[in-house]
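For reference, the chains in residue letters:
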Amino acid sequence: MNAESVVRFVRTRREATVLAMLVLVFIGLTFASEFFLTGRNLSNVARQISVVGIVALGQALVIIAGGIDLSVGSVIGLSAVTAAIVSATTGMPSLGIAGAIGIGMAIGFANGVLITKLRINPFITTLGTLSIARGAALLITNGNPQRFDNWAAFLGYGKIGDIPVQFILLVVLTILVWLFATRTRWGRNVYAVGDNARAARLAGIDVAKTRILVFTVSGSLAGLGGLLLGGMLTNANPNLGLGYELDVIAAVILGGVALSGGRGSIGGVVIGAALIGLLRNAFVLLNVSGYWQTITIGLVVILAVGADSLNRRSEED
Amino acid sequence: MTDCLLSARGIAKSFDQNRVLHGVDFDISAGQVVALLGENGAGKSTFVNILSGALPRDGGTIRWGGEETVFRDTRSALDAGIIHIHQELSLISSLSVMENLFIGDYMTGRSGLIDRKALAARARELLARVGAGHIDPRVEAGSLSTAEQQIVEIAKALARNARLLILDEPTASLTPHEAEALFAIVRDLRAHGVAIIFISHRFDEVFAISDRVVVLRDGRVVGDRPVAETTRAGIIADMTGRAFTFDALETPVIAEDAPVRLKADAIADKGRVGPVSFALRKGEILGIFGLVGAGRTELLELLCGLRPLAGGTITRPDGVVPRSSTEAWRSGLALLPEGRKTNGILPSLSLAENVAVAKRQKSGGVLDLGAEKSLFARFHEALGIVCSGPGQPIRRLSGGNQQKVIFARCLASEPDILFLDEPTHGVDVRTKADIYKQIQDLAKKGMSVVFVSSELPEVLALASTVMVLSRGRQTLLAANRGLTENDVLTAAFAQA
Ligand SMILES: Nc1ncnc2c1ncn2[C@@H]1O[C@H](COP(=O)(O)OP(=O)(O)OP(=O)(O)O)[C@@H](O)[C@H]1O
Ligand SMILES: [Mg+2]
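Residues numbered from 1 in each chain as written. Chains lettered and ligands numbered in written order. Predicted model: local features only at pLDDT ≥ 70, side-chain atom pairs only at ≥ 80, totals over all residues. Heavy atoms only, no water.

## Considering the overall build of chain A
Alright, step 1. Scanning chain A from N- to C-terminus turns up 14 helices and four strands.
Alright, step 2. For a compact globule of 317 residues, the expected C-alpha radius of gyration is about 20 Å, and chain A comes in at 19 Å, within 12% of that figure.
Alright, step 3. If you take every contact in chain A between residues at least 6 apart in sequence, the share linking residues at least 24 apart comes to 77%.
Alright, step 4. When the accessible surface of chain A is totalled, it reaches about 14,200 Å², and 66% of it is carbon and sulfur.
Alright, step 5. Placing the 22 positive and 14 negative side-chain charges of chain A at their respective mean positions leaves the two points 7 Å apart. (Helix = DSSP H or I, 4+ residues; strand = E, 2+ residues; numbered from the N terminus. Rg over C-alpha atoms; globule rule 2.2 N^0.38 Å. Contact = heavy atoms within 4.5 Å. Areas by Shrake-Rupley, 256 points an atom, 1.4 Å probe, with all protein chains shown as cover. Lys, Arg positive; Asp, Glu negative; His and termini not counted. Charge placed at Lys NZ, Arg CZ, Asp CG, Glu CD.)

## What to know about empty space enclosed by the protein
Alright, step 1. The final tally for this structure, using the stated rule, is four cavities of 30 Å³ or more.
Alright, step 2. Reported here for the largest cavity is a volume of approximately 170 Å³.
Alright, step 3. Forming the walls of the largest cavity are 16 residues, and the residues nearest its centre are Leu202(A), Ala203(A), Leu78(B), His84(B) and Lys156(B).
Alright, step 4. Breaking the lining of the largest cavity down by element, the ones donating at least two residues are helix H10 (197-202) of chain A together with helix H2 (74-80), strand E6 (82-85) and helix H5 (146-159) of chain B.
Alright, step 5. Here the lining of the largest cavity takes four residues from E6(B), the largest share from any one element.
Alright, step 6. Looking at the lining of the largest cavity residue by residue, the classes come out as eight nonpolar, five polar and three charged.
Alright, step 7. Volume-wise, the second largest cavity comes out at about 100 Å³.
Alright, step 8. What lines the second largest cavity is Glu169(B), Thr171(B), Ala172(B), Ser200(B), His201(B), Arg202(B), Thr424(B), His425(B), Gly426(B), Val427(B), Lys432(B) and Glu455(B).
Alright, step 9. Along the lines of polarity and charge, the residues of the lining of the second largest cavity split into two nonpolar, six polar and four charged.
Alright, step 10. There are two domains that each give the lining of the second largest cavity at least three residues, and those are domain 1 (4-239) and domain 2 (260-492) of chain B. (1 Å grid on protein atoms, 1.4 Å probe; cavity = no way out; pocket = protein on both sides within 12 Å on 5 of 7 lines; lining within 4 Å. Points joined across faces, edges and corners; volume = space filled by probe spheres on them. Nonpolar A, V, L, I, M, F, W, Y, C, P; charged D, E, K, R; others polar. Domains from an automatic or database assignment.)

## A closer look at the pattern of salt bridges
All names here are of chain B.
Alright, step 1. Inspection of every chain in the model, using the stated rule, returns 24 salt bridges over all chains.
Alright, step 2. Note that Arg122 and Glu125 form a salt bridge whose closest N and O atoms lie 3.2 Å from each other. With Arg122 and Glu125 both in helix H4 (residues 116-129), this residue pair falls three residues apart, about one helical turn.
Alright, step 3. Through salt bridges with shared partners, a single ionic network connects Arg202, Glu205, Lys432 and Glu455. (Salt bridge = Lys/Arg side-chain N within 4 Å of Asp/Glu carboxyl O.)

Next comes the structure, spelled out in structure tokens:
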């Protein structure tokens, strides 16, 4: 790559803009707070990034396929309490893990089937399951938080050396999802379906199966996210993950995925999640009100997407 | 027939109340090229869509290799070896060219992973075979021009093991040169025993490559003969249901002192086209010819303000030089863009709205929907648009009829200068003649027209002045008096 193509790359790829922001925030924090570069704080940041990142991987596939999954926040809550209750009642934490991921998978699969077979719009379908899953979590717990501190929870709170287990999971899953998206038949079909579903169908691609697949993956990863989040707090609250879908979708969009489908990179999504995690950490370290945090994240999304579409405006319409 | 590869009997199809196919019988054997002809809306695309599993049929039977078969979806037809290149391009624009060539399986090996190197190598081979070795298989398909995408579609058919290849107006966006390359491929496939159904509105192509000619009219087969027993006049009579003659077109003579409407002085963009200079007079019809990639579309975009001017000047009597397409339409320019599906139609909107977007009919500040309907009615009649009414969504129309609606949109704004990029793309003979006549009448009334065409006879029949571009450079600008096809082609291939 020569200098010109590097500049072109940075100008035309949203994830490059976001990566630049990420580096800036990182450098800024290094100078602004002496605690920032401590092992303890960095491992906190890594934890903060992990769940958003893992759930965003699935969400990215859904959005690339031209859909959207609003139910992930509620699935996090439901799967966390499922993990706690199943492992407590059976005494087998491994069943708790299976239960958390299984319930997420089931909801994701249901989303996919409703969308493709009953032809309900993804926004509406997942808005419905968002409500249903949250309600179910509250119902089975009667609204009470559940203790969750067996070894299954270790995935959430544990560390290997200074590195949180969930962060390792994020890295492994990112590589797997990236391979899936760029190097497998099904992965490329996801892009094809999101870009032009009709043309994909005429090319012999099974559009419905592809859509069901991405929603199932998204649901499963949200289920895992719930397990990790509950484990991290050693306490599964039925309200866990409330509003989480917004952070997850923001991370995906920051990562350069087009909301209209067909475009986006998996690496970018992790960068997006990292930026959000870092910003959250910044507010804690700098002791700024949490309300500002919410406002800033909104501004960053608009800024990043705006900068990138200014650069590409001529091609779009 | 027993040696038939495919044999269709009594194929029927309706859309809502509209019966489009009334029992079509059709046979094709291996190694045969059958031309399927008919006017816009005759049912050609619908019929071949049924053969390739893209549309379900209402009645009739299909035998494939002697066995009765139902292709429920494209997948099963593809697996049987039926490859259909659709009238509207259907590449996935965000995937790379090589992924499009092998869409669906991407040559995944035993590992389950795509080997991008092998994929690229195989894609290069295929592209070279269709004479498109210059296309980098790794670029996004969406970044290619319309013609390049068409070539990729054809390479895509080669990537699969085709037994029946269906080409729905494959040459509509190709230049004669590229079309010739396509025919070489078709002949090669035929020699290898592939059966080919070829839909086109260009008769010379039909005579050049087909063995048999089948004519559809209003969803019925009205002619089925070996090509040796057909004549151009005979086919037209079958298509239209009556004998039909072209009024010879007389190219209008432009007075030397007619006012200049637009003057371009050494205009250029950032590298694709220019320098180009000409003066367009009132009532003049400027025909621009060139090979694909010569920069014709870019030139029109430059003139309409869709592409920034990097050099030279444009002058108009009122001094307005548009910098956006809104300004262009407002200042009395109208553009019919190339690629009707991506740049032309508003698919879900009604026909009346598709016409009226250019010139909203208002009364007392609100839209006058009645007036918009009658605006449409005016063109409905004049252009012979086949449709069920002004409220029908445009995506339900056949390709050629969609083109007529977009043409109507341009006329509705009553422009001073009309820019047309491949105006007769996918339009049948009779309508072509109608459109030519319309253009000439408008020019006689003082409208100036600039049109781009890949059909040389069209340029020579219609233009009062001919411009030729070759690789962005202007290699010919001359009054259309005594110009021969040879002159124009020489200029088109000139290495300026
Ligand atoms: N999806 C659809 N819904 C409703 N009507 C349709 C649909 N597709 C096609 N039609 C109608 O069926 C008729 C035949 O259309 P078809 O596309 O087969 O014509 P064609 O012979 O291919 O014409 P052209 O030369 O313009 O491509 C047209 O009158 C069209 O309006
Ligand atoms: Mg057609």
